[in-house]
Amino acid sequence: MTKVIKLIVENDKNELSIHDFVGNMITVGRATTNDLVLDERNISRHHFQLELVDSRIVITDSGSYNSTFVNDREINEPTEIFIGDIISAGDYNIYIEEDDENSVLKTTPLAVETTISVVTTKIAEDNLLLAKNNYIGGKVFPLTTNETVIGSHASADVYIFGPDIPALHSKIIFDGNMYLLVKGDYQGDYSLVVNDMEINSVDLRNGDEITIGNFLFEFIEKGEEYDPTPYQAIAEETRKEKLRRDMESNQIKSIRDDEVLEIEEEVTDIKPIVMQPPAKSKSINLIPIIIAFAIAFAVAGFFIFTHFKG
């Protein structure tokens, strides 16, 4: 049985749309290369992604400008979320549901095999980059504009993330005839490799392999055949294994952990009311007061007697 996850998207006009996805990774953003495209301006080109492994869902913000929130909590690192949680991005609320006929969100060999069997060799409708490894293996990036930016910035057309990937790593520039790949910063301390040779710029030809950090791409010309299937299978298994390791080592926290912590903090902040014992009544010594009144009365009487006698 194929695994299906359902995303219900609500925009700022309270209009709802339902999107069903099959697979283990869903990318969301304004760029048309995403699995779920949200076209408001307050959505980054690559806003966030959902990854599914076994029966668990992990959300990761893709360096978005306006951040990603789950149940009103900002997501700053990969975080496990659950059916029923609400994802907020820009003007959108996104609700996660399971397909009613599947108890899934759980990967099975049958689901993977079914997905792979339906993918066949394709003919490129545009010039494109085909990712051949890492977590984006099998993903296709059409080159439909005069300039395609590659880098770790959320606005990049080809968004890739890694410690050795700068915000603007390189560009592919189309001059009307050729596709020129150029390094973003010739003085930058990072490499751009084409067909195992480090370069600053090169005209691309069909089949050229481009290495950027730990990522490998192939340039495919329009009308040529390509097959993303083997790279999709490798990427899926790579993502699943990494997620399993991170979960086992508690590197990925749960959104529920934040909720429990918040409740505990609220409970800690509530100070118990301690009943104070009633104050002891103090006895007043009246003797000094009586003596003072007696002296004052005697002095006053003496002055009055003296006055009348005189």
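Preceding this section is the structure that the text describes.
The paragraphs below set out a description of the structure included in this document. The shown structure was predicted, so the numbers you read here are calculated from the model rather than taken from an experiment. (Residues numbered from 1 in each chain as written. Predicted model: local features only at pLDDT ≥ 70, side-chain atom pairs only at ≥ 80, totals over all residues. Heavy atoms only, no water.)

**Re the overall build of the chain**
Counting its regular elements, the chain contains four helices and 25 strands. Counting over 310 residues, the chain shows a buried share of 40%. Partitioning the intrachain contacts of the chain with sequence separation of at least 6 by distance along the chain shows that 49% fall at a separation of at least 24. When the accessible surface of the chain is summed, it comes to about 18,500 Å², and 54% of that surface belongs to carbon and sulfur atoms. (Helix = DSSP H or I, 4+ residues; strand = E, 2+ residues; numbered from the N terminus. Buried < 20%, exposed > 50% of the residue type's maximum accessible area, 1.4 Å probe, protein only. Contact = heavy atoms within 4.5 Å. Areas by Shrake-Rupley, 256 points an atom, 1.4 Å probe, with all protein chains shown as cover.)

**What about the sheet that holds strand β6 (residues 56-61)?**
Pairing is mixed in the open sheet, where six strands are placed in the order β4-β3-β5-β6-β9-β25. The open sheet has two edge strands with one neighbour each: β4 (36-37) and β25 (253-254). Bridge analysis of strand β5 (residues 48-53) against β6 gives six bridges, and the strand direction is antiparallel. Among the inter-strand pairings, Q49 is bridged to a residue of β6, identified as T60. (Pairing = 2+ DSSP bridges.)

**Section: helix α2 (residues 229-248)**
For α2, which comprises 20 residues, the first-to-last C-alpha distance of 29 Å matches the rise-based estimate of 28 Å (1.5 Å per residue) to within 8%. Two residues or fewer past α2, N250 is found with a positive phi of approximately 60 degrees. (Expected span 1.5 Å × (residues − 1).)

**Some remarks on the environment of E147**
Mapped onto the elements of the fold, E147 is located in strand β15 (residues 147-151). The contact partners of E147, leaving out residues within four places of it in the chain, are D157, K171, I172 and I173. Within the local environment of E147, its side chain forms a polar contact with the side chain of K171, the two groups lying 3.5 Å apart. (Polar contact = N/O pair within 3.5 Å; in protein donor to acceptor, adjacent residues only side chain to side chain.)

**Topic: the pairing of strand β3 (residues 25-29)**
Most of β3 is tucked away, with five of its five residues classed as buried. Taking every second residue as pointing to the same face, both faces of β3 are buried, with M25, T27 and G29 on one and I26 and V28 on the other. Inspection of the sheet shows β3 paired to β5 by four bridges, in the antiparallel sense. Paired with I26 across the strands is L50, a residue of β5. Here β3 pairs with β4 via two bridges, running parallel.

**Looking at the side chain of T68**
One can find T68 in the loop between β6 and β7 (69-70). A polar side-chain atom of T68 sits 2.6 Å from a polar atom in the side chain of D61. Non-local contacts of T68, meaning those with residues more than four positions away in its chain, are made with H47, F48, I59, D61, R73, E74, I75, I87 and S88.

**Some words on the packing of aromatic side chains**
For the coordinates displayed, the defined rule picks out three aromatic pairs. Between F141 and F217, the aromatic rings sit 6.2 Å apart at their centres with planes inclined by 65 degrees, giving edge-to-face as the arrangement. Of the two residues, F141 is situated in strand β14 (residues 140-142) and F217 in strand β23 (residues 215-220); the sequence distance between them amounts to 76 residues. Comparing F141 with F217 shows no difference in burial state: the two are buried. Seen in terms of ring centroids, Y179 and F219 are 5.8 Å apart; in terms of plane orientation they differ by 50 degrees. Their pairing is tilted. With Y179 in strand β18 (residues 179-183) and F219 in strand β23, this residue pair connects regions lying 40 residues apart in the sequence. In this structure Y179 comes out as buried when scored by relative accessible area, which is 10%. Residue class for F219 comes out buried when judged on its relative accessible area of 1%. Through a chain of ring-to-ring contacts, the aromatic side chains of F174, Y179 and F219 assemble into a single cluster. The lysine or arginine in question, K183, covers the ring of Y190, its NZ or CZ lying 4.8 Å from the ring centre. (Phe/Tyr/Trp six-rings, centres within 6.5 Å; stacked < 30°, edge-to-face > 60°. Lys NZ or Arg CZ within 6 Å of the ring centre and 35° of its normal.)

**What to know about the pattern of salt bridges**
Tallying each qualifying case throughout the model produces five salt bridges. For R45, the salt bridge goes to D157, with nearest N and O atoms at 2.5 Å. Of the two residues, R45 is situated in the loop between β4 and β5 and D157 in the loop between β15 and β16 (158-159); the sequence distance between them amounts to 112 residues. The class for R45 is partly exposed, based on a relative accessible area of 23%. Close ionic contact of E218 with K132 constitutes a salt bridge, the shortest N to O distance being 3.1 Å. Of this pair, E218 sits in strand β23 while K132 sits in the loop between β13 (128-131) and β14, and the two are 86 residues apart along the sequence. Given the relative accessible area of 17%, E218 is considered buried. A network of salt bridges, in which partner residues are shared, links K132, E209 and E218. (Salt bridge = Lys/Arg side-chain N within 4 Å of Asp/Glu carboxyl O.)

**A word on the sheet that holds β15**
The strands making up a sheet are joined through hydrogen bonds of the backbone, oriented either antiparallel or parallel. The sheet built from five strands is open, its strands ordered β16-β15-β17-β18-β21 with mixed pairing. Both edges of this open sheet fall to β16 and β21 (201-203), since each of them pairs with a single strand only. Pairing analysis gives three bridges linking β18 to β21, with the strands arranged antiparallel. Residue L180 lies in a different strand from β21, and its bridge partner there is D203.

In short, the description is geometric, and any link to function would need to be established separately.
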